[in-house]
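Here is what each chain is made of, one letter per residue.
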Amino acid sequence: MYKETKYLTSGEKALVIEFGDKISEEINSKVRSMMIAIEKKNISEIVEMTPTYRSLMVHYNPLEIGYNSLLNKLKTLESELDNIEIPLPKVIEIPTLYGGEYGPDIENVAKHNGIPVHEVIKVHSSKEYLIYMIGFTPGFPYLGGMDERIATPRLKTPRTKISGGSVGIAGSQTGIYPIDSPGGWQLIGKTPLKLYDAHRDTPILLQAGNYIKFVPIDEEEYIKIEKEIKKNSYEYNTYPKERKGI
Amino acid sequence: MGKIKIISPGFLTTVQDKGRYGYQQFGVPASGVMDNFAHRIANILVENHELEAVLEVTMLGPQIEFHSVEIISITGGDLSPRINGKEVSMCRSIKVNKGDVLSFAGMKSGCRSYIAFSGGIEVPVIMESKSTYMKGRFGGYEGRNLKVGDLLNIAQSETVFKERIVPDKYIPKYNNELDVRVVLGPQTEYFTDKGIETFLSNEYKVTNECDRMGFRLDGAEIEHVDGADIISDGIGFGAIQIPGHGKPIIMMADRQTTGGYTKIGNVISADLYKIAQAKPGDKIKFKGISVEEAQDILKEEEEKISSIKKECLSKEIISSKKYFLKINGKSYNVKVEEVK
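Since this is a predicted model, take the numbers as computed values, not measurements.

Observations regarding the state of the cysteines
All names here are of chain B.
Argument step 1. Per the counting criterion, the structure on display carries 0 disulfides over all chains.
Argument step 2. Between Cys-91, a free cysteine, and Cys-312, which holds the nearest cysteine sulfur, the sulfur-to-sulfur gap is 9.6 Å.
Argument step 3. A relative accessible area of 8% places Cys-91 in the buried class.

Here's what the structure looks like:
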C-alpha cells in the first residue's frame, strides 16, 4: 500500500484513485471501502465506478463538477474513511459438481500434483476466494488465493467452446466462465448458477470485493438447482466473511 | 408502429445509443455510438430525445426499404446517401414514404454515418441501453450487426414533418490529418521524458486494425521507463494504451472495461469524433492539454449543441424552389429556400 494514495487523471471524465501497486487483499479491501464510502456519500456528479485490483476508477460528469472540486471531495472522504462503517464482505456459495463430464480435466489436475481426485476437490472447496475484480468479459471474476497444491498449467490446446458455469484452474489461478467462450483452463467442475444473465434484475451475480466459496454437490442436486434457477426460485446462500484478526 | 427492412446491411450496421453506463464494474463494456456529436445532431433533427438509438453505419452503407412513412436524418461521415437513387442532403430532416429505399453510393468524407428515425428504433433495452455489444451477443437487434432481411420496428412518432437543417458552420469537416488533444495520464510516470516527447511530437498513422473496440496506430516507438505492463486497471473511452511495442492503441466504444497496458493519455471527448471518422492511412498528431482546459472545451461543446438545437428547430423552411443554371457553360442545380 502506498504511504500516500495517488489521484491520477484519466481524461476529463474520469480519475483513478490508486492505493498501491501490488495484488494484495489489504489493498483490494481499501478499494472496496473507498467505493462503498463514495456510494454512501451519494455524490450525484459521479456516473459510475470501476474497481480493480489496486485502484478505483471514478467516472464523473465534468459539466456538473470540475476536476479539482471532485478531487477535494474524494480526498476528504478518504481521510474520513476510518470513521465510516463499511459492512463485512459477503461470501457467496457456488454449488459445484466436480469431475466427470462436468469437469473433464480433474484427473489431469490430480495426476499433475500427485494427489487423488477427492483431495483436489477438498483443497479447491475449502477456501474462500476473494473477487479482486470483474473484467475481461461480462461477469468474469478475477479470484485470488488458490492453494498451490492444485496449481496446474493451462491446456496445451485450448478448447473452442467451454460452456458458461464451468469451473477451471489455470496455473495457480481458479475461476468460473460466466458465458460460453473458448479457453484453455483445466476444467474441474461446473456450477448450475448463472453468473451472468442479461435479462435478470441484477445481470451480474458477483461483485468485486466479496468472496466466493465452492460447495461440492452431486448430480441430483445439480439438476434440482438448475430447475430452480430456471423458475427463478433459487435462493443463493451467502454469509458475512469474518474479519481477520478479530 | 413503422417498420424498415434491411435489403443489404453494408459493411457494418448496428443499433447504438449513448452507451451502457453503470455496468463497467461488472465487466460490461459501455459500447454506444463512436461519434457522439453526429449521434446527438441526428436525433435533434427528427425531434427525438438526443440520446435515442440510431443506426451506426460503417464505410459501406446499407440498403433500407421503408414499410411506412418516416422522418429520418443522416449525419456524420458522408457516404453519399440516396433515396430511390436520388441524392439527398446530410444533416437535415427528410420525409420518406412507404416503399422508398435508402441507399449509399460511396464514401466521400469520414466513414461512419448515423441514421435517426423519428420515434426511435424499437429494440429491447438491456442494462439500460439499446446499444449492440457484438462480442457479448446482446443489445441492439439480437445482439448482432444487421443482416439481409432483418425487419426493425420504428416507434410511433407524433412529430409532424418540418424540414430542419443544421447550419453549415456547425458541421465538422473530416480531414485525413487529425489534430487530437489529449490529457496525459494516468500512467505518465511509466514513460521516459523522451517517450512522452516522442508521443507529442510525431505523427501517427491509423492502421488497418481499427474497429469499434480500438484503433491501432503506427509511428515512432514510445519509450517506457521499465516495461509496458501494469496491474490491470480501468479504461475510459479514448484511453491511449502503449503496449511493449511502443505504438499507441486508442480504446473506443466497445473497449474492454479493464486492461493491463500502460496508458499515456486520454483523447478529450470533444475530439473523439475525429478518431471515430478516421480511416486507415489517416495521420494523427497529439497535443497535450490540462484536464481543466479539456473540461472547458467540453462545456463549449455542450453550448454548441444547444445552439444547434435552437437554430435548427427555429429555422423552418417555408418554401423552396429549384433552378437549373448554366454559368460559363457549366450546369448547376440550385435550390433556393425561404426560412422563417
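Quick notes on the pairing of strand E1 (residues 2-8) of chain B
Residue and element names in this part refer to chain B.
Argument step 1. Where E1 and strand E12 (residues 151-154) come together, 4 bridges link them in antiparallel fashion. If you follow Lys-5 over to E12, its bridge partner there is Leu-151.
Argument step 2. Note that E1 and strand E4 (residues 63-66) share 4 bridges and pair antiparallel. Within the sheet, the bridge partner assigned to Ile-6 lies in E4 and is Ile-64.

Things to note about the UniProt feature "domain: Carboxyltransferase" (unreviewed entry) in chain A
Argument step 1. UniProt's feature table lists "domain: Carboxyltransferase" (unreviewed entry) at residues 5-206 of chain A, given in the numbering used throughout.
Argument step 2. For residues 5-206 of chain A, the end-to-end C-alpha separation is 27 Å, with 23% helix and 30% strand making up the annotated structure.

Concerning the packing of helix H1 (residues 25-41) of chain A against helix H2 (residues 67-79) of chain A
Residues and elements named next belong to chain A.
Argument step 1. The interhelical angle for the contact between H1 and H2, taken along N-to-C directions, is 115°, at an axis separation of 10 Å. At the point where H1 passes H2, the crossing takes the right-handed sense. Residues Lys-30, Met-34, Ala-37, Ile-38 and Lys-41 of H1 form the contact with H2, whose own contacting residues are Leu-74, Leu-77 and Glu-78.
Argument step 2. Looking at the contact of H1 with H2 residue by residue, the class counts come to 5 nonpolar, no polar and 3 charged.

Quick notes on the pairing of strand E3 (residues 54-58) of chain B
Each regular strand carries side chains that alternate between the two faces of the sheet.
Residues and elements named next belong to chain B.
Argument step 1. Where burial is concerned, most of E3 is hidden: 5 out of the 5 residues are buried.
Argument step 2. By the alternation rule, side chains of E3 split into Val-54, Glu-56 and Thr-58 and Leu-55 and Val-57, which are all buried.
Argument step 3. Across 4 bridges, E3 lies against strand E10 (residues 109-117) in antiparallel orientation. Counterpart to Leu-55 in the pairing with E10 is Ile-115.

What to know about the nonpolar core
Residues and elements named next belong to chain B.
Argument step 1. In this structure, Leu-55, Ile-72, Leu-102, Ile-115, Phe-117 and Leu-152 are the most contacted members of the largest nonpolar core, which totals 36 residues.
Argument step 2. Looking at this core, the element that brings in the most residues is helix H1 (residues 36-45), giving 4 residues.
Argument step 3. Not counting chain neighbours up to four residues away, the residues in contact with Leu-55 comprise Ile-4, Thr-13, Thr-14, Val-15, Ile-64, Ser-113, Tyr-114, Ile-115, Phe-117, Ile-121, Leu-146 and Leu-152.
Argument step 4. Met-34, Leu-178, Phe-191 and Leu-217 belong to the second-largest nonpolar core, a separate cluster that totals 35 residues.

Details of the environment of Leu-206 of chain A
Argument step 1. Inspection of the secondary structure puts Leu-206 of chain A in the loop between strand E12 (186-190) and strand E13 (211-216).
Argument step 2. Between the alpha carbons of Leu-206 of chain A and Ile-92 of chain A there is a distance of 8.1 Å; along the sequence they are 114 residues apart.
Argument step 3. Beyond its immediate stretch of four places on either side in the chain, Leu-206 of chain A contacts Ile-92, Ile-94, Ile-131, Ile-134, Pro-141, Leu-195 and Ile-212 of chain A together with Phe-26 of chain B.

What to know about the packing of aromatic side chains
Argument step 1. Counted according to the given criterion, the structure contains 14 aromatic pairs over all chains.
Argument step 2. On the numbers, 5.7 Å between centres and 65° between planes, the contact of Tyr-129 of chain A with Phe-214 of chain A is edge-to-face. Of this pair, Tyr-129 of chain A sits in strand E6 (residues 129-134) while Phe-214 of chain A sits in strand E13, and the two are 85 residues apart along the sequence.
Argument step 3. Centre to centre, the rings of Phe-199 of chain B and Phe-286 of chain B are 4.6 Å apart; their planes meet at 20°, and the pair counts as stacked. Taken together, the positions of Phe-199 of chain B in helix H2 (residues 193-201) and Phe-286 of chain B in strand E21 (residues 283-288) put the pair 87 residues apart, joining distant regions of the chain. Phe-286 of chain B shares its class with Phe-199 of chain B; the two are buried.
Argument step 4. Taken together through their ring pairs, the aromatic side chains of Tyr-53, Tyr-132, Phe-140, Tyr-142, Tyr-177 and Trp-185 of chain A make up a single cluster.

Quick look at the pattern of salt bridges
Argument step 1. Evaluated as defined, the whole model comprises 27 salt bridges over all chains.
Argument step 2. Notably, a salt bridge pairs Lys-6 of chain A with Glu-189 of chain B, separated by 2.9 Å at the nearest N-O pair. In this pair, Lys-6 of chain A sits in strand E1 (residues 6-9) while Glu-189 of chain B sits in the loop between strand E13 (177-184) and H2, so the two residues belong to two different chains.
Argument step 3. Note on Lys-6 of chain A: relative accessible area 24%, which makes it partly exposed.

Overview of the sheet that holds strand E4 (residues 55-60) of chain A
Residues and elements named next belong to chain A.
Argument step 1. Read across the sheet, 4 strands follow the order E1-E2-E4-E3 without closing on themselves; strand pairing throughout is antiparallel. Two strands in the sheet have a free side with no partner beyond their single neighbour: E1 and strand E3 (46-51). Each strand axis lies, on average, 20° off the axis of its neighbour in the sheet, ignoring direction.
Argument step 2. Across 5 bridges, the pairing between strand E2 (residues 14-18) and E4 is antiparallel. Note that in E4 the partner of Glu-18 across the bridge is Ser-55.
Argument step 3. Against the sheet, H2 makes contact with E1, E2, E3 and E4, and its axis sits at roughly 160° relative to E1, the strand it touches most.

Focus on the sheet that holds strand E5 (residues 70-78) of chain B
All names here are of chain B.
Argument step 1. If you trace the 5 strands from one edge of the open sheet to the other, you get E2-E3-E10-E5-E8, paired in antiparallel fashion. Each of the sheet's edge strands pairs with one partner strand only, and the pair in question is strand E2 (12-16) and strand E8 (93-96). Geometrically, the sheet is characterised by an average inter-axis angle of 30° between neighbouring strands, direction not taken into account.
Argument step 2. Note: E5 against E10, 6 bridges, orientation antiparallel. Following the sheet pairing, Asp-78 is matched in E10 by Ser-109.

Describing the interface of chain B and chain A
Argument step 1. On the side of chain A, 44 residues touch chain B, which itself brings 40 residues to the contact.
Argument step 2. Where chain B abuts chain A, roughly 3300 Å² becomes buried across the two surfaces, and 59% of that area is made up of carbon and sulfur atoms.
Argument step 3. Summed over the shared surface of chain B and chain A, the result is 1 salt bridge.
Argument step 4. Counting across the chain B and chain A interface gives 13 residue pairs in polar contact (both at pLDDT 80 or more).
Argument step 5. Per-element tally for the side of chain B that touches chain A: the top contributor is helix H4 (residues 291-314) of chain B, with 7 residues.

Observations regarding H2 of chain B
Residues and elements named next belong to chain B.
Argument step 1. Within H2, the full set of buried residues consists of Gly-195, Ile-196, Thr-198 and Phe-199. Within H2, the buried residues cover an arc of 155° as seen down the axis, which keeps them to one side. Turned more than 90 degrees away from the buried face of H2, the exposed residues are Asp-193, Lys-194 and Glu-197.
Argument step 2. On its buried face, H2 sits against E13, strand E14 (203-210), strand E17 (239-241), strand E20 (263-267) and E21.

About the thresholds
- Here, residues in each chain are numbered from 1, in the same order as that chain's written sequence.
- Chain letters start at A and ligand numbers start at 1, both assigned in the order the entries are written.
- Per-residue local features are limited, in this predicted model, to residues with pLDDT of at least 70; the limit for side-chain atom pairs, both in listing and counting, is 80 or more; totals at the level of whole chains, interfaces and linings are taken over all residues.
- As a rule here, side-chain values come from all non-hydrogen atoms in the structure, and water together with hydrogens is ignored.
- We call a pair of cysteine sulfur atoms a disulfide whenever their separation is within 2.5 Å.
- To sort residues, take the accessible area from a 1.4 Å probe on protein chains only and compare it with the maximum for the residue type: under 20% means buried, over 50% means exposed, and anything in between is partly exposed.
- Being paired, for any two strands, means DSSP has found at least two bridges between them.
- Here a strand is any run of E in DSSP of at least two residues, a helix any run of H or I of at least four, and the numbering for each starts at the N terminus.
- UniProt positions are given in the numbering used here, feature names are shortened, and annotations may be inferred rather than shown by experiment.
- Structural elements are reduced to axes, namely lines fitted to C-alpha atoms, with helices fitted over the stretch in contact, and the angle between N-to-C directions of any two is expressed from 0 to 180 degrees.
- Left-handed describes a crossing whose near helix is turned anticlockwise from the far helix by less than a right angle; the clockwise case is right-handed.
- Two residues qualify as a contact provided that any one of their heavy atoms is within 4.5 Å of a heavy atom in the partner residue.
- Each residue receives one of three labels: charged for Asp, Glu, Lys and Arg, nonpolar for Ala, Val, Leu, Ile, Met, Phe, Trp, Tyr, Cys and Pro, and polar for the others, Gly being one of them.
- The set of buried Ala, Val, Leu, Ile, Met, Phe, Trp, Tyr and Cys residues whose side-chain atoms join them within 4.5 Å is what this entry labels a nonpolar core.
- Between the rings of Phe, Tyr and Trp (Trp by its six-membered ring), a pair exists once the centres lie within 6.5 Å; its type follows the angle of the planes, with under 30 degrees stacked, over 60 edge-to-face, and the other angles tilted.
- In what follows, salt bridge is the name for a side-chain nitrogen of Lys or Arg lying within 4 Å of a carboxyl oxygen of Asp or Glu.
- Throughout, buried area stands for the accessible area (probe radius 1.4 Å) lost by two parts on being put together, summed over both.
- N or O atoms closer than or at 3.5 Å make up a polar contact, with two conditions inside protein: a donor-capable atom paired with an acceptor-capable one, and, for residues adjacent in sequence, both atoms drawn from side chains.
- An arc is given here, and it is the one of the directions from the helix axis to the C-beta atoms.

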